[in-house]
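Letter by letter, the chains look like this.
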Amino acid sequence: MPIRALAPLLALCSTLFVGAAACGSGSATRQVAAYITVPSPAPSTQAQRQKLAKSRFALSAGLAAGAIQQWIVKPWKAGAFADGAQGRTATLLKAGLAGTFAYDRLKGARYNAQGDPALARALAPVSASVDALKHLPGKLRRGDASAVAAFDAVIRKVKAAGKSAGAPVHNQVPSGPQLARG
């Protein structure tokens, strides 16, 4: 290999070596290392943990409620699930995706509710209903309209449980990318 081809490689290596030596022993390195190892702030009191649990519950349940309302209940009421409806296949696929998203968010809401005793007690009777939603997204994709009523009923129960525990749930329609991520 000619020496001219090695010159840029040698210059790059020496620059990296000098730069690493200059930064390696300074206070900047210690500051960066200290910043990286500092844990993120966590709620320190039981009241803060409970408030965050309620907020997270309300957000997760609200996203589930919004997805069900936007992509399952509204199209069903508009007749988009009926045989021969224009765009039926796409509507059913979106409904199945929304059902999967809603099931995941409802499981997250149930998990978040465990941080607040009152919310956990209020949501306990609904827990079995959330588990029963597991296979409904597939039914939605196949066009089974009975799944629509099941999703709607569970959302109404979750909203009532949240309201009784002081964590009201408001519909929040998820974006397309949120829905696709599940």
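First, a word on scope: everything that follows refers to the structure included in this document. (Residues numbered from 1 in each chain as written. Predicted model: local features only at pLDDT ≥ 70, side-chain atom pairs only at ≥ 80, totals over all residues. Heavy atoms only, no water.)

**Concerning the overall build of the protein**
Counting its secondary structure elements, the protein contains nine helices and zero strands. Across the protein, helices and strands are ordered from the amino to the carboxyl terminus as α-α-α-α-α-α-α-α-α. When burial is assessed residue by residue, the protein has 32% of its 182 residues classed as buried. Taking the intrachain contacts of the protein between residues at least 6 apart in sequence as the baseline, contacts between residues at least 24 apart amount to 75%. Summing over all exposed atoms, the protein offers an accessible surface of approximately 11100 Å²; the carbon and sulfur share of this is 62%. (Helix = DSSP H or I, 4+ residues; strand = E, 2+ residues; numbered from the N terminus. Buried < 20%, exposed > 50% of the residue type's maximum accessible area, 1.4 Å probe, protein only. Contact = heavy atoms within 4.5 Å. Areas by Shrake-Rupley, 256 points an atom, 1.4 Å probe, with all protein chains shown as cover.)

**A short note on the packing of helix H4 (residues 88-113) against helix H8 (residues 146-164)**
Viewed as axis vectors pointing N to C, H4 and H8 meet at an angle of 25°, and their least axial separation amounts to 12 Å. What the angle tells us is that H4 and H8 run roughly parallel. In terms of crossing hand, the pair formed by H4 and H8 is left-handed. Here H4 contributes Gly99, Ala102 and Leu106 to the contact with H8, which in turn contributes Phe151, Val154, Ile155 and Val158. Taken together, the residues that form the contact of H4 with H8 break down as six nonpolar, one polar and no charged. (Axes fitted to C-alpha atoms, helices over the stretch in contact; angles between N-to-C directions. Parallel < 35°, antiparallel > 145°, perpendicular 65-115°, else oblique. Left-handed = near helix turned anticlockwise from the far one by under 90°. Nonpolar A, V, L, I, M, F, W, Y, C, P; charged D, E, K, R; others polar.)

**Side note on the nonpolar core**
Ranked by size, the top nonpolar core spans 39 residues in total, and within it Phe57, Ile72, Leu106, Leu140, Phe151 and Val158 carry the most contacts. Among the secondary structure elements, those contributing two or more residues to this core are helix H3 (46-77), H4, helix H5 (117-123), helix H7 (136-142) and H8. Broken down by element, this core gets its largest block of residues, ten residues, from H3. Residues within four places of phenylalanine 151 in sequence aside, it is in contact with Ile68, Ile72, Gly99, Ala102, Leu133, Leu136, Pro137 and Leu140. (Core = buried A, V, L, I, M, F, W, Y, C linked by side-chain atoms within 4.5 Å.)

**Thoughts on H8**
The first and last C-alpha atoms of H8 sit 28 Å apart over 19 residues, in line with the 27 Å expected at 1.5 Å per residue. If you check which residues of H8 are buried, you get Ala147, Val148, Phe151, Val154, Ile155, Val158, Ala161 and Gly162. The buried residues of H8 occupy an angular sector of 160° when the element is viewed end-on, so they sit on one face. Among the exposed residues of H8, those pointing more than 90 degrees away from its buried face are Arg156, Lys163 and Ser164. One or two positions beyond H8, positive phi appears at glycine 166, with a value near 85°. (Expected span 1.5 Å × (residues − 1). Arc of directions from axis to C-beta.)

**Remarks on the environment of alanine 160**
For alanine 160, the location among the structural elements is in helix H8. Through-space distance from the C-alpha of alanine 160 to that of leucine 123 is 9.1 Å; in sequence the pair is 37 residues apart.

**Considering the environment of isoleucine 68**
As for its placement among the helices and strands, isoleucine 68 is situated in helix H3. The class of isoleucine 68 is buried, set by a relative accessible area of 1%. It is 6.4 Å that separates the C-alpha atoms of isoleucine 68 and alanine 98, two residues lying 30 residues apart in sequence. Filtering out sequence-adjacent residues up to four positions away, isoleucine 68 remains in contact with Val73, Ala102, Phe151 and Ile155.

**Let's talk about the side chain of arginine 110**
Here arginine 110 shows up in helix H4. The buried category is assigned to arginine 110, whose relative accessible area is 19%. Engagement of the side chain of arginine 110 in a polar contact is seen with the side chain of serine 127, the distance being 3.0 Å. Ignoring anything within four residues of it in the chain, the contact list for arginine 110 reads Leu123, Ser127, Val130 and Asp131. (Polar contact = N/O pair within 3.5 Å; in protein donor to acceptor, adjacent residues only side chain to side chain.)

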